[in-house]
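# Residue-level structural notes
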Protein chains: 2
Amino acid sequence: MKAKVTVMLKQGVLDPQGEAVRHALGALGFDGVEGVRQGKVIELDLADGTSEATVTEMCEKLLANTVIESYRIEID
Amino acid sequence: MKAKVTVMLKQGVLDPQGEAVRHALGALGFDGVEGVRQGKVIELDLADGTSEATVTEMCEKLLANTVIESYRIEID
């Protein structure tokens, strides 16, 4: 089974990577880019039967820094 | 309008970040993690009426390195 975890910085946490992308897009002539947030996506190939609770535990323990990041889990 | 771009390393391209996550999960006692790929997700807040073609151009020019990365665009 596959699981996809998306980790984003929480609202209000400064996102310098996203800001850099926003500036770069402007410099390339793309107008109307009002905001950019950059996060990471982790695709996990797991043994069949792994529960969503296990994936949540992976997020809490390793994949996300829950002080500043939020995460979303999608199970296929 | 919002657009979400997901950028992943192409199949066959070594993904050391993903490998590091896989090892770390194993070390934490999570069994059955067969593979991990890590990519990035970029959430764009764009002026209304921006076309998907424009977002594709952003990917080709800046957001993805198309030699080694593939990208996927979702428009909300």
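So, here's what we can say about the structure. All figures in this text were calculated on a predicted structure; none of them were measured in a lab.

Turning to the side chain of Asp15(B), a few remarks are in order. Residue and element names in this part refer to chain B. For Asp 15, the location among the structural elements is in the loop between β1 (2-9) and α1 (16-27). Arg 37 provides the closest opposite charge to the buried, salt-bridge-free Asp 15, at an N-O distance of 4.2 Å. Excluding residues within four positions of it along the chain, Asp 15 makes contact with Leu 9, Val 36, Arg 37 and Gln 38.

Among the structural elements, Gln38(B) can be located in strand β2 (residues 33-46). In this view, Gln38(B) contacts Lys40(A), Val41(A), Ile42(A), Met8(B), Asp15(B), Gln17(B), Gly18(B) and Val21(B); residues no more than four positions away in its chain are not counted.

Before going further, it helps to examine the pattern of salt bridges. Residues and elements named next belong to chain A. Applying the stated criterion across every chain, the model contains five salt bridges over all chains. The partner of Glu 19 in a salt bridge is Arg 22, and the shortest N-O contact between them spans 3.1 Å. Residue Glu 19 and its partner Arg 22 are both found in helix α1 (residues 16-27); the two are separated by three residues, about one turn of the helix. Among the residues examined, Glu 19 registers a relative accessible area of 32% and is labelled partly exposed. For Arg 22, a relative accessible area of 27% puts it in the partly exposed group. Glu 57 is paired through a salt bridge with Lys 61; the nearest N and O atoms lie 3.1 Å apart. You can see Glu 57 and its partner Lys 61 sitting in helix α2 (residues 52-63), four residues apart, about one turn around the helix. On the basis of relative accessibility, which here comes to 35%, the residue Glu 57 falls in the partly exposed class.

This part takes up the sheet that holds strand β3 (residues 69-75) of chain A. Pairing is antiparallel in the open sheet, where six strands are placed in the order β3(A)-β1(A)-β2(A)-β2(B)-β1(B)-β3(B). Edge positions in the sheet fall to β3 of chain A together with β3 (69-75) of chain B, since each has one partner strand and no second. This sheet shows a mean twist of 25° between the axes of neighbouring strands, independent of strand direction. Inspection of the sheet shows β1(B) paired to β2(B) by six bridges, in the antiparallel sense. Note that in β2(B) the partner of Val7(B) across the bridge is Lys40(B).

Conventions and cut-offs
- Residues numbered from 1 in each chain as written.
- Chains lettered and ligands numbered in written order.
- Predicted model: local features only at pLDDT ≥ 70, side-chain atom pairs only at ≥ 80, totals over all residues.
- Heavy atoms only, no water.
- Helix = DSSP H or I, 4+ residues; strand = E, 2+ residues; numbered from the N terminus.
- Buried < 20%, exposed > 50% of the residue type's maximum accessible area, 1.4 Å probe, protein only.
- Lys, Arg positive; Asp, Glu negative; His and termini not counted.
- Salt bridge = Lys/Arg side-chain N within 4 Å of Asp/Glu carboxyl O.
- Contact = heavy atoms within 4.5 Å.
- Pairing = 2+ DSSP bridges.
- Axes fitted to C-alpha atoms, helices over the stretch in contact; angles between N-to-C directions.

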